[in-house]
Amino acid sequence: MPHKNVARKLAGKLVFALLVWAGLVLAVAAKEQGLQTEANVMVELTFRSNHSYADPFNNVALDVTFIDPRGRELRVPGFWAGADVWKVRYASPVVGTHTYHSECSEVRDKGLHGITGKVEVRPYTGQNPLYAHGPLHLAPNHRYLEHTDHTPFFWLGDTWWMGLCHRLHWPEEFKQLAADRKDKGFNVIQIVAGLYPDMPAFDPRGANEAGFPWETNYARIRPEYFDAADQRLGYLVEQGFTPFIVGAWGYFMPWMGVEKVKAHWRYLIARYGAWPVVWCAAGEANLPWYLAKGFPYDDRKQVHDWTEVLRFVRDTDPFHRPLTLHPSLDYTARGATDDPALLDFDLLQTPHGQREAVPVVVKTVRESYAAEPVMPVIDGEASYEMLNDSLPTEWTRRMFWLCLMNGAAGHTYGANGIWQCNRPEQPHGNSPHGGTYGKIPWNEAMHLPGSQQVGLGKKLLEQYPWQRFQPHPEWAAFANGALLSLEGCQWIWFPEGNPAQDAPVAKRFCRRTFVLPAGKAIERARLRVSADDWFDARLNGKALGTGDDWHAGRQFENLAHLLKPGTNVLAIVAENKPANVAANPAGLIACLEVRFADGETLKLASDATWRWAKSEVSGWDTAGFDDAAWAKALAVGHYGDAPWGQIGQPNDESYGPQATGIPGVVRVIYVPESQPIVVRNLDPHAAYAATYFDPVIGTKTAVAPVHPDNAGVWYCPPPAGINHDWVVILESPKPKVLRSEEHTSELQSLRHL
């Protein structure tokens with residue numbers, strides 16, 4: 001509140017507003033009462049100039065210095081709000097009376113310069129975790145983010161890069177998407193402050209209800225744009241989301257220049273720094289404009305300029321919100337700046353791939369986790385679900401688990417259709433390079449299963465002291481190290497043309513019956529299969545699983561319980577999918593091995609005796625179906641022949657089980673295939689509590705107490721009935737006593753150990 005004499009002199013010229021983003025805007029008369037807010041909740045001061053300026057944004061700078069009850073000073077930048085209005089936003093966790101005084105570059109303007117007053121901060125009484133626990137900062141060990149009160153923060157982000165544009169309608173559509181994400185456990189929204197990717201500057205697709213954030217010549221900011229953005233960002237905060245604000249896409253740097261970008265960032269800091277936000281200086285900071293000569297390449301001039309902006313943000317933000325950078329090509333924020341010490345956490349962008357992306361993700365996370373300076377690791381862009389309307393959910397889900405098992409402090413999910421704000425019948429359209437990323441609209445993408453599944457993963461891990469987890473790749477491995485040999489097997493297909501060169505884009509249906517003798521015990525049965533491009537395998541009508549990477553194929557273990565004396569059938573749906581190639585070959589290769597207790601082995605290799613059909617018929621995958629009318633397979637090549645050559649799972653442990661946890665307390669092991677594993681380095685004298693977790697549907701199943709062998713090893717079969725990835729949790733019977741300095745919440749999370 002200003003001094004009474006000052007208030008009288010400025011009556012009618014100075015208006016204060018208290019803006020609390022809980023849906024209420026309360027005007028406060030300066031003479032009647034002081035400004036009030038609650039701890040961590042933003043309060044807004046409004047100033048009116050008594051001078052007229054031709055270019056207020058560029059020619060007038062306003063700062064307000066606040067002094068909290070402990071004597072700490074905070075110099076907060078103000079922002080031009082249009083016409084003769086400037087505003088300053090402030091928040092503090094410190095309860096009590098805060099004083100302030102304003103300083104303006106135009107010292108003669110008594111509406112902006114030399115204004116003093118007070119703000120009363122009361123304890124927060126609501127339920128919003130961003131206010132109850134405070135905004136985010138680095139934990140003391142620099143391994144994860146936490147709230148002001150030291151409550152650990154498990155980062156689960158969603159990608160709304162273009163979420164401030166008009167194509168995601170405000171308020172109904174924006175609120176609908178936010179409600180869905182809140183219900184699934186997301187707590188961060190990654191969003192760009194108007195200077196977007198995948199489009200040229202001032203593209204109409206990027207405007208919001210008030211237009212663009214800058215005038216078309218970058219002469220000055222447009223406050224109207226940010227007034228509209230305030231509603232959306234404020235709603236996210238109100239709902240408990242931390243906005244992850246990306247200042248601009250990297251290629252805007254040469255268009256705007258360093259000084260304009262700094263002005264843009266000062267405006268963002270002034271406008272949103274008092275909110276519980278996280279900063280990202282730029283998206284794909286090291287990637288030039290898509291049509292630049294030689295694209296894509298690592299643009300080190302751009303990196304140098306964004307490093308200068310990083311330093312500017314660090315120096316200008318009085319609230320010290322967590323700061324990072326979004327990279328490209330090099331995969332890490334560390335690699336996209338000249339000075340990694342300016343970063344609070346290492347944001348990654350790993351390939352939008354499937355099986356081929358696995359080793360890259362594991363290697364990148366591990367290297368960042370081991371690098372200096374130590375900082376939290378979060379993959380901020382990985383395998384968007386349904387990218388190009390095709391990337392399968394299983395790979396989006398796997399990237400979450402690979403990152404969390406190898407030291408990440410959280411993860412960001414992305415769904416195609418949401419990041420670009422595709423509308424029904426109105427997708428984003430062409431990128432500057434001419435291609436598109438797909439047409440799925442945001443309201444369909446919202447329901448893709450991967451968003452639910454990563455939320456289930458977060459919910460599971462939060463039941464344990466996840467912030468103390470460390471990666472332990474030595475804890476687990478597949479029990480069956482050797483793959484079934486495909487030597488002697490043939491690539492086969494439905495008899496049509498020359499499938500080894502080109503085949504129709506279609507599904508085909510394949511069967512192979514076989515007879516098992518009665519009274520002969522089966523010790524083990526397993527199947528290895530691969531198809532160009534996709535398969536769905538079934539044994540006696542029971543689904544085994546699918547595969548979509550013919551380079552590796554899949555191996556299914558522990559199939560003995562699905563077999564019976566007499567006639568059995570292996571049935572496989574194989575599909576040749578569309579491909580942007582001149583010739584599109586198709587093929588299937590498989591080997592089923594049944595080992596009997598007496599040492600005898602039955603081996604079924606794919607060959608010309610297998611039966612095929614063009615269309616699906618009821619009961620075709622059961623043993624009693626008569627396939628006499630089906631065509632015999634066309635053998636198109638032996639194993640090793642072109643165009644497929646040698647195939648197999650790469651000898652890379654990143655494709656195997658991944659483990660994390662706390663020795664002597666808890667282990668979490670993610671297994672990417674429905675195969676048995678061995679768990680190592682256990683106490684041979686202990687009995688462990690074990691639980692299976694299904695990462696697809698989120699169910700937990702208790703297992704009988706685990707007793708390792710004398711070498712400290714436990715053979716762990718996959719959960720019954722699961723033909724996809726799975727998780728097992730092992731909890732020690734007598735967890736080691738936590739250090740006294742550990743947070744109380746960690747002790748509480750150990751209550752079931």
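Residues numbered from 1 in each chain as written. Predicted model: local features only at pLDDT ≥ 70, side-chain atom pairs only at ≥ 80, totals over all residues. Heavy atoms only, no water.

**Q** How would you explain the sheet that holds strand E8 (residues 85-90) if you had to name every residue and give the values?
**A** As a general point, the strands of a sheet are linked pairwise by backbone hydrogen bonds and lie either parallel or antiparallel. Here 3 strands make up an open sheet; going across it, the order is E4-E8-E7 and the pairing antiparallel. The outermost strands of the open sheet, each flanked by one partner alone, are strand E4 (43-48) and strand E7 (79-82). Taking the axes of each pair of neighbouring strands and ignoring which way they run, one obtains an average angle of 35 degrees across the sheet. The sheet contacts of helix H7 (residues 258-272) involve E7 and E8, and relative to E7 the element is tilted by about 80 degrees. (Pairing = 2+ DSSP bridges. Helix = DSSP H or I, 4+ residues; strand = E, 2+ residues; numbered from the N terminus. Axes fitted to C-alpha atoms, helices over the stretch in contact; angles between N-to-C directions. Contact = heavy atoms within 4.5 Å.)

**Q** Please provide a residue-by-residue account of the sheet that holds strand E12 (residues 145-147), values included.
**A** Ordered in space as E11-E12-E13, the 3 strands form an open sheet in which the pairing is antiparallel. If you trace the sheet from one side to the other, it starts and ends with strand E11 (136-138) and strand E13 (152-153), each paired once. The pairing of E11 with E12 spans 3 bridges and is classified as antiparallel. Following the sheet pairing, His137 is matched in E12 by Glu146.

**Q** Describe the packing of aromatic side chains, listing the residues and the values that go with them.
**A** Tallied over the entire structure, the rule returns 44 aromatic pairs. Their ring planes at 65 degrees and their centres at 5.4 Å tell us that Tyr124 and Tyr131 sit as a pair that is edge-to-face. According to the relative accessible area criterion, Tyr131 is buried, its value standing at 7%. Ring centres of Phe154 and Trp466 lie 5.1 Å apart, and the angle between their planes is 70 degrees; this geometry places the pair in the edge-to-face category. Highlighted residues: Phe154 in the loop between E13 and strand E14 (155-159) and Trp466 in the loop between helix H12 (449-461) and strand E22 (470-471), separated in sequence by 312 residues. Residues Phe154 and Trp466 agree in their burial class; the two are buried. An aromatic cluster is built from Phe57, Phe79, Phe202, Phe212, Trp214, Tyr218, Tyr225, Phe226 and Tyr267, whose rings are joined through pairwise contacts. The positively charged end of Arg508 is found above the aromatic ring belonging to Phe494, 5.5 Å away from the centroid. Sitting over the ring of Trp475, Arg667 keeps its end group 4.1 Å from the ring centre. (Phe/Tyr/Trp six-rings, centres within 6.5 Å; stacked < 30°, edge-to-face > 60°. Buried < 20%, exposed > 50% of the residue type's maximum accessible area, 1.4 Å probe, protein only. Lys NZ or Arg CZ within 6 Å of the ring centre and 35° of its normal.)

**Q** An account of the side chain of Ser49 is needed here, citing residue identities and associated values.
**A** Its location among the elements puts Ser49 in the loop between E4 and helix H2 (56-59). Within polar-contact distance, the side chain of Ser49 engages the backbone oxygen of His51 at 3.1 Å. When residues no more than four places from it in sequence are discounted, the contact partners of Ser49 are Asp84, Trp86, Asp109 and Leu112. (Polar contact = N/O pair within 3.5 Å; in protein donor to acceptor, adjacent residues only side chain to side chain.)

**Q** Give me H7: which residues, what numbers.
**A** Over its 15 residues, H7 extends 21 Å from the first C-alpha to the last, a length consistent with the 21 Å expected when each residue adds 1.5 Å. The element H7 is extensively covered by neighbouring structure, given that 11 of its 15 residues are classed as buried. Taken residue by residue, H7 has Val258, Val261, Lys262, His264, Trp265, Tyr267, Leu268, Ile269, Ala270, Arg271 and Tyr272 as its buried positions. (Expected span 1.5 Å × (residues − 1).)

**Q** Residue-level account of empty space enclosed by the protein, with values.
**A** Inspection of the entire model under this criterion finds 3 cavities of 30 Å³ or more. Space inside the largest cavity adds up to approximately 90 Å³. Surrounding the largest cavity, 14 residues form its lining, Gly194, Ala201, Phe202, Phe212 and Phe252 being those nearest its centre. (1 Å grid on protein atoms, 1.4 Å probe; cavity = no way out; pocket = protein on both sides within 12 Å on 5 of 7 lines; lining within 4 Å. Points joined across faces, edges and corners; volume = space filled by probe spheres on them.)

**Q** If you had to explain the packing of helix H10 (residues 393-405) against H12 to someone new, which residues and values would you point to?
**A** Each pair of packed helices can be described by the angle between their axes along with the distance between the axes. Viewed as axis vectors pointing N to C, H10 and H12 meet at an angle of 25 degrees, and their least axial separation amounts to 9 Å. Here H12 runs roughly parallel to H10, going by the angle between their axes. When the axes of H10 and H12 are compared, the crossing they make is right-handed. Counted together, Thr393, Arg397, Phe400, Trp401, Leu404 and Met405 of H10 and Pro449, Gly450, Gln453, Val454, Gly457, Lys458, Leu460 and Leu461 of H12 form the full contact between these two elements. (Parallel < 35°, antiparallel > 145°, perpendicular 65-115°, else oblique. Left-handed = near helix turned anticlockwise from the far one by under 90°.)

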